[in-house]
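Take a look at the letters that make up each chain.
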Amino acid sequence: MTQVANGPSRSGGSLGALDHNRSISIAGFQEQTLGVAAASMKNELNRLIELVPEGPARDGFGLEMDAFYSLFTRYLSEKAKGAKLNWSAVNSPSPEKIVPYKNLPETPNSEVSNFLSKLAVLKLNGGLGTTMGCVGPKSAIEVRDGMTFLDLTVRQIEYLNSHNNVDVPLVLMNSFNTDAETKRIIQKYAGHKIQILTFNQSRFPRISKESLLPVPQSPDAPVSNWYPPGHGDLFEALANSGTLDQLLADGKEYLFVSNVDNLGATVDVNILRHMASSGAEFIMELTDKTKADIKGGTIIEYEGSVRLLEIAQVPAAHADDFKSVKKFKIFNTNNLWISLKAIKRVVENSELAMEIIVNNKTAENGEKVIQLETAVGAAIKHFNGAHGVNVPRSRFLPVKSTSDLFLITSDLYGLEHGKLTMNPKRQFNSVPLVKLGDHFKKVSHFQSRFQSPPQILDLDHLTVTGDVTFGHSVILQGTVIIVANHGERIDIPSGAILNDKVVSGNLRILDH
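Residues numbered from 1 in each chain as written. Predicted model: local features only at pLDDT ≥ 70, side-chain atom pairs only at ≥ 80, totals over all residues. Heavy atoms only, no water.

(A) Summary view of the confidence of the model for the chain. When pLDDT is averaged along the chain, the result is 90; 92% of the residues meet or exceed 70. Here residues 1-18 scores under 50 on pLDDT; set against residues more than four positions off or in separate chains, the count is seven contacts. (pLDDT = per-residue confidence, 0-100. Contact = heavy atoms within 4.5 Å.)

This is the structure in structure tokens:
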């Protein structure tokens, strides 16, 4: 019997050698297993492609499956290597990598039209409104004065075009979840001074976690078997759709990208001019982090380049460091300015290799599945001269919940040509912290609980939980906490003024 613990074995090996051989054998086993997974996936994808009739449909589907396979094999490779972020190599970006917005020179009026003539605006329009209790594209939710996200965007760009005598097109990147409904909706803008282009981001097959094979068995398998692979797919989808070449042929040079639900993401000519004068191919708008933004991605310097760091990439032991406002003081708004010619170059040269976000899901039938996604901001490392601009908080007004909607619909903001502006009567630069409970979660429930939006110019903090309703012309000031416990109801009467108040228990106002 070999006495490993007491010195050399009969074969002359040592414990270290055995461990080394064991690790090699494990690595070899993993490599072989993942190699088989890659080959099996390739066979399945080819089978799916063959099921599509020859012609443009098969060509388009084939391009999508090629892009998916490239992402899948990168995932396998990283899994085999056990590649992880080296936290000790994560550094805050050097000062020249982040330009304060206040340092950007004002664009002379005589130059504005020239810069705008080279611009296209792209809105990420792939999301549904399900988290806010709505059916269909999130961009179709009414957010202010009866207007939807899409209405406000169209109004902004139409005014930009007519005021400056230019033709800035609006490009919508839809997903297979939002495309049909969005195309139906935009027909109402046919008479407006705006060109609207649409294209679809890719449709990738969900992956079975157990077999590492595609879940869909046919190209027309149910929608639940597929997923949109995150907005990092923008570059290849823009190119594959022909939209990139169309924009370049129309003389466009720059693309302003933002989430459709960020109502602060309007065209800023000073940033556009800065991009042109600096020669940067990619600019990311960043803004100062607050306690509400601790999970927001930020830019770092890592292995000699500027990169986007998302919380999903951070080792668990360093999550608190990442969330710290002291170490990472700014975060990514996902307002991006990108050179169209540079997009064409990186796509044609297959240079894009954004960090993969592994999204584990459970399918409707209980099967464990994997979605491989990428974020558009992660492409920053592939563009020359890429850097950030630290912008005012006013350029980041996302509506992710009804708590955000509460702020947007209030007297805190005015609306001019589709653009929200802070009420000058608000004495503080910051917006109130608002937390509405589950009774307000869906937009329809939220709307039914307010006879009119409360006045909140002097509000600092609002927390509302339970069955609570508000009359008209209610004024909220300072810190207001309203708690209706289970089985209780609170009606805040019309004209009420709540200043630094805590309201709990039962309060019913009955009509007579």
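(B) Inspection of the pattern of salt bridges at higher detail. Under the criterion given, the structure shown has 20 salt bridges. The shortest N-O distance in the salt bridge between E355 and R307 comes to 3.5 Å. One end of the pair, E355, is in the loop between helix 10 (340-348) and strand 15 (357-362); the other, R307, is in strand 13 (residues 305-309), and 48 residues separate them in sequence. Residues E355 and R307 agree in their burial class; the two are buried. (Salt bridge = Lys/Arg side-chain N within 4 Å of Asp/Glu carboxyl O. Helix = DSSP H or I, 4+ residues; strand = E, 2+ residues; numbered from the N terminus. Buried < 20%, exposed > 50% of the residue type's maximum accessible area, 1.4 Å probe, protein only.)

(C) Unusual backbone geometry, seen in detail. For L212, which is not glycine, the phi torsion reads 55 degrees and is therefore positive. Mapped onto the elements, L212 comes out in the loop between strand 8 (207-208) and strand 9 (226-227). On the basis of relative accessibility, which here comes to 11%, the residue L212 falls in the buried class. Of note in this structure, N334 is not a glycine but carries a positive phi near 65 degrees. Counting through the fold element by element, N334 comes out in strand 14 (residues 330-339).

(D) Region of the structure containing the nonpolar core. One finds F406, F470, L476 and I482 to be the most contacted residues of the largest nonpolar core, which totals 41 residues. Of the residues forming this core, the biggest block, four residues, is contributed by helix 11 (residues 402-408). When near neighbours in sequence (up to four residues on either side) are disregarded, I482 contacts T463, V464, T465, V468, F470, I490, I492, L498 and V503. (Core = buried A, V, L, I, M, F, W, Y, C linked by side-chain atoms within 4.5 Å.)

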